[in-house]
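Geometric and topological summary
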Amino acid sequence: MVAVSRCRVCDAPIDAFMSFGRMPIANGFLTANEIPNEYFFELAPAFCGACGMFQIMEQPEPEKMFHEQYAFFSSTSRHMQAHFEGFANAVLGRVLAGRADPFVVELGSNDGIMLRHFQRRGIRHLGIEPSINVADVARGHGINTISEFFGRKLADDIVAEHGHADAILAANVMCHIPDLPGVAAGVQRLLKPDGVFIFEDPYLGDMIAKTSYDQIYDEHVFIFSVNSVARAFAMHGLELIDVMPQTTHGGSMRYMLAPKGSRAVSAAVGDALAKERAQGLDQGGTYLRFKQNCEASRGLLMRTLEKLPGKGKRVVGYGATSKSTTVTNYCGITPDHVEFISDTTPIKQGKLSPGAHIPVRPYTEFTRQYPDYALLFAWNHATEIREKESAFIAAGGQWIVYVPEVKIVS
Ligand code: TYD
Ligand code: ZN
């Protein structure tokens, strides 16, 4: 475990403004005989008043989270596949068009959900994915992938072997890497003078507005804002030139950066900064209110689960998301509240959820005998799921949701 008392970006002293308590590894699905050795750490977020970076105080070592049994496969959602096709097309159109023999690098390329669009077009590409099992899936599809952690040293090696990159991409990855300065230095080294670095991650503004505290878990060492990203990368000669809000992961932001002075800065950057100031994202008091909102959400969710209308009703969790680990452990949801969690990812099925030890079962168990209530842990996919589950509603089923507020809906 790595615990800090100083900001990972600017080294100012920081302190947690709340604690979600003892937390296991969010993707640490386990078997019953692994329970005695389950790893826990304290999940406590802090806001750096000096540089604006929202971060967690303690993070387990990367090898505990990203390894040969990593349970997160990007390609499990149809909407996410369409999203990454759109991301790739935006890069092809806005950045790579007209370039001779471009080279694209993706940090945390997972199962190749985005790089496949470059590979199919014969574009030189390289995925960097430390979790070997998901990287193997990408390699199986012919996507060039190396299993390493990215930093300045690896950037040197890539430049020596492939040359500099026209575009460096990352989705839901930058917020995982505690050594942000090291990655920024690596990006600066790897990028061509006219190259761009584009990444997206869950957005702090959405998390605060929706009290979606489940974005906070071990992998998400940072929750970025436009302000904190602009400042963190400016220290490494990279300028924030555009920002584009995304609906994925319950509200994300896509950031486009380039070597300072190489490109015009879009008005969207200034607009987003003004919006963040109006929302109070730079004020410590905002985070104290967020803490109160988390406590209120927890209280209401538990009262809802404990007083469901009708006796002996069945509740099943929908989607064994990483995020749900924070919800189940912080709120105290147990197998007494939730019979099992339905999930389509084979590696999670037959295991227990981290910390709360709720069984994870295949999706067919959900459709075989619909429960009375489904607790929507995969709330970020609500549109896709509610389209897909009309038969559950027709059978009298109802959804329990908790973002942006706790309620029962059909
Ligand atoms: P994801 O949205 O990536 O959340 P997190 O980043 O918090 O892990 O994970 C979605 C999980 O939900 C994944 O395990 C697959 C599962 N899932 C289903 O079981 N059914 C579905 O229809 C969808 C969209 C996801
Ligand atoms: Zn700081």
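Before any of the text, the structure's been laid out above.
Read on for a plain summary of the structure. No experiment lies behind these values; they were computed from the predicted model shown.

Conventions used here
- Residues numbered from 1 in each chain as written.
- Chains lettered and ligands numbered in written order.
- Predicted model: local features only at pLDDT ≥ 70, side-chain atom pairs only at ≥ 80, totals over all residues.
- Heavy atoms only, no water.
- Donors = N, O, S within 2.8 Å, 3.2 Å for Na, K, Ca; no water.
- Helix = DSSP H or I, 4+ residues; strand = E, 2+ residues; numbered from the N terminus.
- Buried < 20%, exposed > 50% of the residue type's maximum accessible area, 1.4 Å probe, protein only.
- Pairing = 2+ DSSP bridges.
- Contact = heavy atoms within 4.5 Å.
- Axes fitted to C-alpha atoms, helices over the stretch in contact; angles between N-to-C directions.
- Near = heavy atom within 4 Å.
- Polar contact = N/O pair within 3.5 Å; in protein donor to acceptor, adjacent residues only side chain to side chain.
- Areas by Shrake-Rupley, 256 points an atom, 1.4 Å probe, with all protein chains shown as cover.
- Nonpolar A, V, L, I, M, F, W, Y, C, P; charged D, E, K, R; others polar.

Now for the coordination of the zinc ion (ligand 2). For the zinc ion (ligand 2), every protein donor is listed as C7 (SG), C10 (SG), C48 (SG) and C51 (SG), and the spread of their distances is 2.3 to 2.4 Å. Each donor residue of the zinc ion (ligand 2) lies on the same chain, and together they follow the pattern C-x2-C-x37-C-x2-C. Of this pair, C7 sits in the loop between strand 1 (2-3) and strand 2 (22-24) while C51 is found in the loop between strand 4 (45-47) and strand 5 (54-56), placing the two residues 44 residues apart along the sequence. Per residue, the accessibility class of C7 equals that of C51, and both read buried.

This next bit is on the sheet that holds strand 14 (residues 252-259). The mixed open sheet is built from seven strands, whose spatial order is 9-8-7-10-11-14-13. Only two strands of the sheet have a single partner each, and these edge strands are strand 9 (145-146) and strand 13 (238-246). Here six bridges tie strand 10 (residues 165-171) to strand 11 (residues 191-202), and the two strands are oriented parallel to one another. The partner of A171 across the bridge, within strand 11, is E200. Here helix 8 (residues 226-234) sits on the sheet in contact with strand 11, strand 13 and strand 14, set at roughly 155 degrees to strand 13.

Turning next to the sheet that holds strand 16 (residues 341-342). If you trace the six strands from one edge of the open sheet to the other, you get 17-16-15-18-19-20, paired in mixed fashion. Every interior strand has two partners, whereas the edge strands, strand 17 (360-361) and strand 20 (407-409), have only one. Sheet analysis places strand 15 (residues 315-318) next to strand 18 (residues 373-376), joined by four bridges and oriented parallel. From the neighbouring strand, V315 faces strand 18, where its bridge partner is Y373.

If you check the shell around ligand 1, you find 18 residues, and the closest are S322, D343, K348, H381 and K388. At a separation of 2.5 Å, an oxygen atom of ligand 1 approaches a polar side-chain atom of S322. Here an oxygen atom of ligand 1 and a side-chain polar atom of T345 are 3.2 Å apart. Surface burial for ligand 1 is 97%, taken as the share of its 560 Å² of free accessible area covered by protein chains. Mapped by element, the contributors of at least two residues to the shell around ligand 1 are helix 11 (322-331) and helix 13 (382-388). Taken together, the residues of the shell around ligand 1 break down into five nonpolar, nine polar and four charged.

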